[in-house]
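The residues making up each chain are set out below.
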Amino acid sequence: MRTLVDIPDDDIEWLDQRASQEGKSRAAVLREAVSSYRAEASKDWIARGAGYWKHRRDIGDAVEYQSAMREDRDPA
């Protein structure tokens, strides 16, 4: 399916430069961008953040870390 869109000139220049660097057409880069955007937008924000810190070794026990962080808060 073909789609007609209005894109600002500076974005077109960037898009053409990117397409040239990748050896692709402007349309191919746009298709990839839309596909990537859809994949990212469909992810639940909680799922995106799950396990974000699991490889951190500087934190130690997560519960102890959370308790220490909460102790630093000013009780209201």
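Our structure is the block above this text.
Residues numbered from 1 in each chain as written. Predicted model: local features only at pLDDT ≥ 70, side-chain atom pairs only at ≥ 80, totals over all residues. Heavy atoms only, no water.

Asks: Got a minute to help me understand the environment of Arg48 in this structure?
Replies: Relative to the elements of secondary structure, Arg48 occurs in helix H3 (residues 45-49). Classification of Arg48 as partly exposed rests on a relative accessible area of 42%. Other than its neighbours up to four places away in sequence, Arg48 contacts Glu40 and Lys43. (Helix = DSSP H or I, 4+ residues; strand = E, 2+ residues; numbered from the N terminus. Buried < 20%, exposed > 50% of the residue type's maximum accessible area, 1.4 Å probe, protein only. Contact = heavy atoms within 4.5 Å.)

Asks: Would you mind showing me how to read helix H1 (residues 9-22) here?
Replies: For an α-helix the count is 3.6 residues per turn, leaving residues at separations of three or four pointing the same way. With 14 residues, H1 extends 20 Å between its outermost C-alpha atoms, agreeing within 8% with the 20 Å of an ideal straight helix rising 1.5 Å per residue. Along H1, the residues that are buried comprise Ile12, Leu15 and Ala19. The arc that holds the buried residues of H1, viewed along the axis, is 60 degrees, so those residues lie on one side. Exposed and facing more than 90 degrees away from the buried side of H1 are Asp10, Glu13, Ser20 and Gln21. Here the buried face of H1 lies against helix H2 (26-41). Downstream of H1 by a residue or two, Gly23 has a phi angle that is positive, lying close to 65 degrees. (Expected span 1.5 Å × (residues − 1). Arc of directions from axis to C-beta.)

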